[in-house]
Amino acid sequence: MNIRYRDIVKAVRHSRKIILIVGTVIGAIVCTLVSVELADSRYGVPLALAAFITVFIGLLINFLAVGKRLEKMWANVGSPDTDEIEKMLGSAVCLESGNIMLLLTDETVLNFETIRAYRLTDITELYKTASTDEGSVISYDIAVKCGGYPFKGDTLSFVKAEERDAAFDMILQAYRTAGGTEKITEH
């Protein structure tokens, strides 16, 4: 698969734009409902408006900060230049079919959904889990704990359990091939 960095950046920005739009609409609806419910209160409408503005600003910052977050992501794995990134992506495999947002290279895991990258040999824990809502599974996840990063871990989310299980095996094999020296905790 020929993965280009500009396509990934475009996909990341697009996903953040969707979050901004959907979050703004949901925030507006919730704040309108709260305003109606608290209409008799002197502070109901101003409070709802302040909450909406706060949520909107947070979502807008999330959207506008994509470039900075990508820079920090790449700094975690040595700040490669554009040519090195393209070479890295040339050997990358998608951890989920058709999803260029979750990638595995010979040395790193690249999660563009959470905008995190980490070296395989820095993984200390790796286990399967699932996110549920009222008893129904909404995503099948791989929880990853890492050492030596500003973040302590990451979550890779999948739609199907089979893809999660295959990705888990791929990461574990790549970890061993990369020369992971510590015994990784597998759950």
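Residues numbered from 1 in each chain as written. Predicted model: local features only at pLDDT ≥ 70, side-chain atom pairs only at ≥ 80, totals over all residues. Heavy atoms only, no water.

### Topic: the environment of L60
Here is step 1 of the chain: Take L60: it is sitting in helix α2 (residues 44-64).
Here is step 2 of the chain: Its relative accessible area of 28% is what places L60 among the partly exposed residues.
Here is step 3 of the chain: Along the primary structure L60 and L89 are separated by 29 residues, whereas in three dimensions their C-alpha atoms are 29 Å apart. (Helix = DSSP H or I, 4+ residues; strand = E, 2+ residues; numbered from the N terminus. Buried < 20%, exposed > 50% of the residue type's maximum accessible area, 1.4 Å probe, protein only.)

### Structural notes on helix α5 (residues 161-177)
Here is step 1 of the chain: With 17 residues, α5 extends 24 Å from end C-alpha to end C-alpha; this agrees with the ideal 24 Å at 1.5 Å per step.
Here is step 2 of the chain: Those residues of α5 lying buried are A161, E163, R164, A167, F168, I171, L172, A174 and Y175. Burial along α5 is one-sided: seen end-on, the buried residues are contained in an arc of 165°. The exposed residues of α5 that point more than 90 degrees off its buried face are E162 and T177.
Here is step 3 of the chain: Just downstream of α5, G179 is the residue with a positive phi angle, here 95°. (Expected span 1.5 Å × (residues − 1). Arc of directions from axis to C-beta.)

### Some points on the sheet that holds strand β1 (residues 93-96)
Here is step 1 of the chain: Taking strand neighbours across the sheet as the criterion, the four strands line up as β1-β2-β3-β4 in an open arrangement whose pairing is antiparallel. Where the open sheet ends on each side, the last strands, each with one partner, are β1 and β4 (116-119). Taken over all neighbouring pairs, the strand axes of this sheet differ in orientation by 35° on average, direction set aside.
Here is step 2 of the chain: Note that β1 and strand β2 (residues 99-104) share three bridges and pair antiparallel. Across the sheet, the residue bridging to V93 is L104, located in β2. (Pairing = 2+ DSSP bridges. Axes fitted to C-alpha atoms, helices over the stretch in contact; angles between N-to-C directions.)

### Considerations on the pattern of salt bridges
Here is step 1 of the chain: In the structure shown here, the tally under the stated rule is four salt bridges.
Here is step 2 of the chain: As a salt-bridge pair, D165 and K128 come within 3.5 Å of each other at their nearest N and O atoms. Of this pair, D165 sits in helix α5 while K128 sits in strand β5 (residues 123-133), and the two are 37 residues apart along the sequence.
Here is step 3 of the chain: Relative accessible area serves as the criterion here: at 24%, D165 is assigned to the partly exposed category.
Here is step 4 of the chain: Of the residues examined, K128 reaches a relative accessible area of 33% and is grouped as partly exposed.
Here is step 5 of the chain: Via salt bridges that share partners, K128, R164 and D165 belong to a single interconnected network. (Salt bridge = Lys/Arg side-chain N within 4 Å of Asp/Glu carboxyl O.)

### Looking at a negative patch on the surface
Here is step 1 of the chain: Taken together, D81, D83, E84 and E86 make up a surface patch of like negative charges.
Here is step 2 of the chain: One can find D83 in helix α4 (residues 82-90).
Here is step 3 of the chain: Relative accessible area serves as the criterion here: at 62%, D83 is assigned to the exposed category. (Patch = residues over 30% accessible without salt bridge, like charges linked within 9 Å, V, L, I, M, F, W, Y side chains within 5 Å. Areas by Shrake-Rupley, 256 points an atom, 1.4 Å probe, with all protein chains shown as cover. Lys, Arg positive; Asp, Glu negative; His and termini not counted. Charge placed at Lys NZ, Arg CZ, Asp CG, Glu CD.)

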